[in-house]
Amino acid sequence: GDSVTQMEGPVTLSEEAFLTINCTYTATGYPSLFWYVQYPGEGLQLLLKATKADDKGSNKGFEATYRKETTSFHLEKGSVQVSDSAVYFCALSPNFNKFYFGSGTKLNVKP
Amino acid sequence: DTGVSQNPRHKITKRGQNVTFRCDPISEHNRLYWYRQTLGQGPEFLTYFQNEAQLEKSRLLSDRFSAERPKGSFSTLEIQRTEQGDSAMYLCASSSTSGGGTGELFFGEGSRLTVL
């Protein structure tokens, strides 16, 4: 069945460090891929998405590229800030009917 | 845009009691989803509605769980005879797949259930 696997956390970085959070997926067909973020005390919110192979989603300095050949959608940011501390969830949807989420990766950014 | 609203935000109950959660989606959204999230895990699909029709229900959802969306607007999730294993955060999300909607999920802040 469809599923998402993402790297375990927590990931601890210093401010201005480079961030990569790995996400790989298993799906039949060509799903849409998402990164959601959950800040402390808040609900999940969409960070970025990509709907077809080679698409790059970007928002707030974060980027992820839909790689069909490696079934991956890794999240990157060139310079993290303390305010980026949150839990990040990778997700896929085959057809915008059901959405499958990874287990989340907690990011701690230290000043 | 008032966002997705869930009530109550936190419910503490004794094992065996019934609980009900309410979700008010974004008003123009035709789809409404219920997910469950336990500590350290991602959201797990429970069920979803398109307008008032319940289109899919997870096999993980026991018959103690029931959800309704009677007029295609708000939804309720009821858990009967609660068990300690039901303790979790219950998340509601809505989306729009019509009129140019992009289909992505918008989440509420969740309702946390603690079963003693």
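To be clear, the structure that these remarks concern was listed above.
As a starting point, this report considers the structure included with it. This structure is a prediction, so every number in the text was calculated from the model and none was measured.

What to know about the state of the cysteines
And step 1. The tally for this structure, following the rule as stated, stands at two disulfides over all chains.
And step 2. Residue C23(A) pairs covalently with C90(A) via a disulfide, S to S 1.9 Å. Disulfide C23(A)-C90(A): torsion about the S-S bond near -70°, hence left-handed. Residue C23(A) is located in strand β4 (residues 23-26), and its partner C90(A) is located in strand β10 (residues 86-93); the two are separated by 67 residues in the primary sequence. The residues C23(A) and C90(A) share a single accessibility class, namely buried.
And step 3. Between C23(B) and C92(B) runs a disulfide, and the two sulfur atoms are separated by 1.9 Å.

Things to note about the interface of chain B and chain A
And step 1. The interface of chain B with chain A comprises 19 residues on the first partner and 16 residues on the second.
And step 2. For the chain B and chain A pair, buried surface summed over both sides reaches about 1,500 Å², with 53% attributable to carbon and sulfur atoms.
And step 3. Our enumeration of links across chain B and chain A arrives at two salt bridges.
And step 4. In this structure, E56(B) and K98(A) form a salt bridge, with 3.0 Å as the shortest nitrogen-oxygen distance.
And step 5. Here chain B and chain A share eight residue pairs in polar contact (both at pLDDT 80 or more) between them.

The rules behind each value
Residues numbered from 1 in each chain as written. Chains lettered and ligands numbered in written order. Predicted model: local features only at pLDDT ≥ 70, side-chain atom pairs only at ≥ 80, totals over all residues. Heavy atoms only, no water. Disulfide = S-S within 2.5 Å. Helix = DSSP H or I, 4+ residues; strand = E, 2+ residues; numbered from the N terminus. Buried < 20%, exposed > 50% of the residue type's maximum accessible area, 1.4 Å probe, protein only. Contact = heavy atoms within 4.5 Å. Buried area = accessible area lost by both parts, 1.4 Å probe. Salt bridge = Lys/Arg side-chain N within 4 Å of Asp/Glu carboxyl O. Polar contact = N/O pair within 3.5 Å; in protein donor to acceptor, adjacent residues only side chain to side chain.

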